[in-house]
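Chain by chain, the residues run as shown.
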Amino acid sequence: MNRTFLYTLGILLSLTYWAYSQQNTTNTEIKGEWIAKLESDGTMRLIVSLSDENDDGHVHYWNWSHSDARYRVDEFSGLQFEKEHTFKLLRASGEIVFKGAFIGKAGAGDFVCRPNQKFADFLKKEGYQDISKRRMISAILANVSEAYIKEVKDAGYSDVSLSRIARLKRYNITGQYIKQQLTALKKLGYYEVSVSKIIAFKKYDVTPEYIQKIQKIGFSDISLSKFISFKKYGIDENYLKTYRKALSQMGYDDVSASKYIRFKKYEITPQYIQSLQGAGLAHISLSKVIRLHKTGVTADQIKADFKALQGLGYNDVSASTYMRIKKYDISPEYIKGIQKAGFDEVSINKVHRLHRYGITAATVQKDIAALKKLGYNEISLNRYLSLKKYNVTPEFIQEMKQAGLEDISLNRITQLKRRNFTQDLIKSYTSELKALGYNNVSANDLLRLRKYDISTNYIKEIHSLGFDQVSLNQIRKFKKYDITKANTESYLKEMGKLGFKGISANELFKLRRYHVTTSFVKEVQGKGFKSTSVDRLIKFKKYGFDKELED
């Protein structure tokens, strides 16, 4: 039975808090399971769980437990041990009938909860509609009564949820306590205090006197949450005074409340901070101190690491750089290997990038040797990182060369990779371009054509307009200015009728760039400027009609 209890307890404690069915349950019985354990002080810890199967056949669980919730044995009527039996928990808000057995100090079984109809009606009258099973059973377990709900509302919380009221009751928070806290807190400058804060004040014994003491030593503008955290971690005014003085002597002033909370939480002493400074991190921020402490880094380890780094030529390692080394577990041996592989003046930041890409010294040696065979003898670390970032392999480079791009730089190869060029694609594209008269297509040409989505069909259209001798660079400009056969053929014909025959590619770019329409040309000619050039049209478009522009 003990093994069964422990197994069940482990499962229940690991269940996620499920959003359970919210239907009105005040007139129905609530059934579920319970487990319990007797504590050494004679009280009992109780956990109850509910389950519900939805239309899809999935079972949802909800379990109620509270680390500080203890029940006196005499709260239960008929409780016995070492036998199967039934016992009850009677409340003003309802009753819970438990069936099961205790073997030793552990017990388990089933239960039926029956809410008090008078209490249910009272909740509806107070505005609590559609009370769920979990909220109702929480209220009954916490011994929430009509009188207690009125007491909480009279104390200043007129619109508080039933689950919050149950939590207040579990901590034995009275209306008088709420009133005293709210009144005292207003005098200290805190006017909006949530129910959760009141609960935390009671749980951690945060008193107005405690807040006042902390405020007097220089923490007058911090939130109530910070005071709660202070008390939770045992921070008092003496701790703050002593720590603040030590930090000031080390060069840290105006330290936030959050930092002190983290210092106490992670047991970081002023001596630890001082040891980091002495180890070589003279200007380390307190945030970095906390991060180093969390990873278990000691001053002796820092000294050893700095000595090893200095031996590799790194004399001015900042706290940020050192933390990056530790975060990614970059050892001096790894750095030494990278240096020997060919990058002897590599920075720590570049080492970090190599490590992040999973590059070892052996990988570097292999890649450098392969690149040299392909004709690339001088390779910078930045270029190498770019190759690795975009997965440009020696095999891919070989394919580019076999596709006809012999004297291609690593930068252009990387760009081709990023644009998803393949050997077959390049061969097909260059073959089609050769058929159109373009014999020496460079990698740069391919990249530009791909960038502007220029197909060979588009080039054929441009040729059909009479521009069959244009370069690929000019083709790119045609695409840039949206010059197509559909929107240009009739334009050229009409311009010819207006006296502008044989317009060159460059002239067409200018006309399109400055939006020189045939209507504008007619307007120019209508003003008496019969003999003019494309350049003159552009000037009229840019500067207006001025007879001084006429030669």
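Preceding this paragraph is the structure being described.
Thresholds applied
- Residues numbered from 1 in each chain as written.
- Predicted model: local features only at pLDDT ≥ 70, side-chain atom pairs only at ≥ 80, totals over all residues.
- Heavy atoms only, no water.
- Salt bridge = Lys/Arg side-chain N within 4 Å of Asp/Glu carboxyl O.
- Helix = DSSP H or I, 4+ residues; strand = E, 2+ residues; numbered from the N terminus.
- Buried < 20%, exposed > 50% of the residue type's maximum accessible area, 1.4 Å probe, protein only.
- Arc of directions from axis to C-beta.
- Contact = heavy atoms within 4.5 Å.
- Pairing = 2+ DSSP bridges.

### Considering the pattern of salt bridges
No. 1: Scanning the model with the defined rule gives ten salt bridges in all.
No. 2: The partner of Lys326 in a salt bridge is Asp305, and the shortest N-O contact between them spans 3.2 Å. With Lys326 in helix H15 (residues 319-327) and Asp305 in helix H14 (residues 299-311), the pair connects residues that are 21 residues apart, well separated along the chain.
No. 3: Given a relative accessible area of 27%, Lys326 falls into the partly exposed group.
No. 4: A salt bridge links Asp535 to Lys510; the nearest nitrogen and oxygen atoms lie 3.3 Å apart. Of this pair, Asp535 sits in helix H29 (residues 534-543) while Lys510 sits in helix H27 (residues 505-513), and the two are 25 residues apart along the sequence.
No. 5: A relative accessible area of 43% places Asp535 in the partly exposed class.
No. 6: Looking at Lys510, the relative accessible area reads 37%, which means it is partly exposed.
No. 7: Several salt bridges converge on common partners, so that one network encompasses Glu29, Glu95 and Arg114.

### Concerning helix H21 (residues 410-418)
Every α-helical turn comprises 3.6 residues, leaving residues that sit three or four positions apart pointing alike.
No. 1: Listed in full, the buried residues belonging to H21 are Leu410, Ile413, Thr414 and Leu416. All buried residues of H21 fall inside an arc of 160° around its axis, so they share one side.
No. 2: Contact partners of the buried residues in H21: helix H18 (361-373), helix H19 (381-389), helix H20 (394-402) and helix H23 (443-451).
No. 3: Taken from the residues just after H21, Asn420 is the one with a positive phi, measuring 65°.

### Considering the pairing of strand E8 (residues 106-115)
No. 1: Two elements, strand E1 (residues 30-38) and E8, share eight bridges in a ladder whose sense is antiparallel. Within the sheet, the bridge partner assigned to Glu33 lies in E8 and is Asp110.
No. 2: Examined bridge by bridge, strand E7 (residues 94-103) and E8 share ten bridges and lie antiparallel to one another. Looking across to E8, one finds that Ile103 is bridged to Ala106.
No. 3: With antiparallel pairing between neighbouring strands as the criterion, E7 and E8 make up a hairpin whose turn holds two residues, including Gly104 at a positive phi of roughly 70°.

### As for the pairing of strand E6 (residues 85-91)
No. 1: Of the two faces of E6, only the one carrying His85, Phe87, Leu89 and Arg91 is buried; Thr86, Lys88 and Leu90 on the other face are not.
No. 2: Bridge analysis of strand E5 (residues 76-77) against E6 gives two bridges, and the strand direction is antiparallel. Of the residues in E6, the one forming a bridge with Ser77 is Lys88.
No. 3: Relative to E7, E6 runs antiparallel, the two being bridged by seven bridges.

Shape descriptors only; they carry no functional weight alone.
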